[in-house]
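Structural overview for review
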Amino acid sequence: MFFKQNGTGATALLAAMFVMFFSCPASEALTLDFDYSYDTSGFFDNNQAKYTLEAAGNFFESVLQDDLAAISSGKRGSFTANFYDPSTGKDIVSEGFSVAKNTLKIYVGARDLKGFTLGSGGPGGYSISNYTPNSDWYLSVITRGEGATTDVRGDSATDFAPWGGSLAFDSNASWFFDQTPATADDIPSGWSDFYSVALHEIAHLLGFGIADSWKNLVSDQDFTGTNARKVYGQDPPLSLYKVHWKNGIVSRVPGINMLQEAAMDPSIKVGTRKYVTELDLAALDDIGWDVNYEMAASFYTVPAPSALLLLGCGLALITGIRRKKG
């Protein structure tokens with residue numbers, strides 16, 4: 001989805017300083033496997049860019065607790081993945097595709113996205129062949145163990161089960177690659193915060209605004225998900241094309257008594273940070289992801305003045321959903 005960058009002046013930066021807990025859950029964690037093989041421009045040769053992207057991925061790895069089946073191609077059937085090359089925009093077809101259990105394969109790169117576009121991201125498509133209909137293999141590769149095929153596709157979908165997808169970032173933007181993403185007090189005025197845009201585009205890849213389970217919860221210009229309604233107090237309004245929140249919608253950052261413009265509205269002001277909010281997470285919950293709200297609440301916390309730490313255990317076809325730089 002395209003994400004607009006609003007205006008040319010910086011707004012007030014976040015005042016609070018946060019500790020980011022890169023924790024290892026006791027259960028088997030979701031893995032976002034970023035693949036840089038299509039990064040022909042060398043955008044991610046910059047280790048700061050790679051670090052910031054993977055820090056954004058770590059947030060979702062920490063708070064999403066789904067148990068996804070592996071996808072494999074072999075004697076029982078062949079899985080073909082298709083996605084946009086993030087560096088060229090051309091369609092890529094990958095036959096005999098496989099992805100590990102609890103893993104999303106994400107191809108990343110950069111190109112001139114034209115106009116005011118900062119990033120573009122979404123889930124990949126697929127086709128299958130040489131399979132037995134309704135076999136265990138067929139169900140596992142389509143649903144990734146999340147349920148029946150009707151649970152993840154079509155008018156009755158309540159879940160989402162992608163193999164992954166691709167993310168592209170504008171190669172011409174003035175990016176700030178934050179090496180301390182737990183804090184937002186160092187973003188230069190006039191620079192676009194890469195961490196914020198990466199969070200936004202990963203959420204689109206996870207189905208925000210795109211999945212059938214999202215579309216089935218859209219009514220007129222509102223999103224009717226139960227969890228989102230509970231957080232917002234009513235059905236939250238959507239943008240014109242119904243793939244983002246209405247511009248300017250606010251929610252709280254998990255674990256922080258602080259309101260912020262939601263990460264999944266369509267715009268961001270230069271020089272500012274947008275973390276994933278409670279409303280953004282509630283929508284992911286509504287479209288089928290298993291959100292660990294306790295982990296989300298502990299991911300960003302206000303530290304004692306002398307105890308600022310960074311902890312860690314290490315660090316389709318795409319539906320055109322993009323953020324613009326405006």
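Structure: above.
Below or above, wherever it landed, is the structure these notes cover. Quick caveat, the model's predicted, so the values are computed rather than measured.

1. Here we look at the pairing of strand 4 (residues 78-84)
The side chains of a regular strand alternate between the sheet's two faces. Taken across its seven residues, strand 4 has six buried, putting it largely inside the fold. Summarising the sheet, strand 4 and strand 5 (residues 91-94) pair through four bridges and their orientation is antiparallel. The residue bridging F83 from the neighbouring strand is I92, located in strand 5.

2. Observations concerning the pairing of strand 5
Alternating residues of strand 5 divide into I92 and S94, all buried, and D91 and V93, none buried. The hairpin formed by strand 4 and strand 5 contains six residues between the paired strands, and G89 there has a positive phi angle of roughly 85°.

3. Regarding the packing of aromatic side chains
Note on aromatic pairs: each is described by the distance of the centres and the angle between the planes. Under the defined criterion, the tally for this structure stands at 31 aromatic pairs. Pairing Y38 with F83 gives two aromatic rings, centres 5.6 Å apart and planes at 85°, and the pair type is edge-to-face. You can see Y38 sitting in the loop between strand 3 (31-35) and helix 1 (47-63) and its partner F83 sitting in strand 4, a full 45 residues away along the chain. With a relative accessible area of 23%, Y38 lands in the partly exposed category. Residue class for F83 comes out buried when judged on its relative accessible area of 0%.

4. Quick notes on the packing of helix 1 against helix 4 (residues 194-205)
Geometrically, a packed helix pair is captured by the angle between its two axes and the distance between the axes. In contact at an axis separation of 9 Å, helix 1 and helix 4 are set at 50° when each is read in the N-to-C sense. Here helix 4 runs oblique to helix 1, going by the angle between their axes. Here the hand of the crossing between helix 1 and helix 4 comes out right-handed. Contacts between helix 1 and helix 4 involve A49, T52, L53, A55, A56, G57, F59 and F60 from the former and F194, Y195, A198, L199, I202 and A203 from the latter. Class assignment for the residues of the contact of helix 1 with helix 4 results in twelve nonpolar, two polar and no charged.

About the criteria used
Residues numbered from 1 in each chain as written. Predicted model: local features only at pLDDT ≥ 70, side-chain atom pairs only at ≥ 80, totals over all residues. Heavy atoms only, no water. Buried < 20%, exposed > 50% of the residue type's maximum accessible area, 1.4 Å probe, protein only. Helix = DSSP H or I, 4+ residues; strand = E, 2+ residues; numbered from the N terminus. Pairing = 2+ DSSP bridges. Phe/Tyr/Trp six-rings, centres within 6.5 Å; stacked < 30°, edge-to-face > 60°. Axes fitted to C-alpha atoms, helices over the stretch in contact; angles between N-to-C directions. Parallel < 35°, antiparallel > 145°, perpendicular 65-115°, else oblique. Left-handed = near helix turned anticlockwise from the far one by under 90°. Contact = heavy atoms within 4.5 Å. Nonpolar A, V, L, I, M, F, W, Y, C, P; charged D, E, K, R; others polar.

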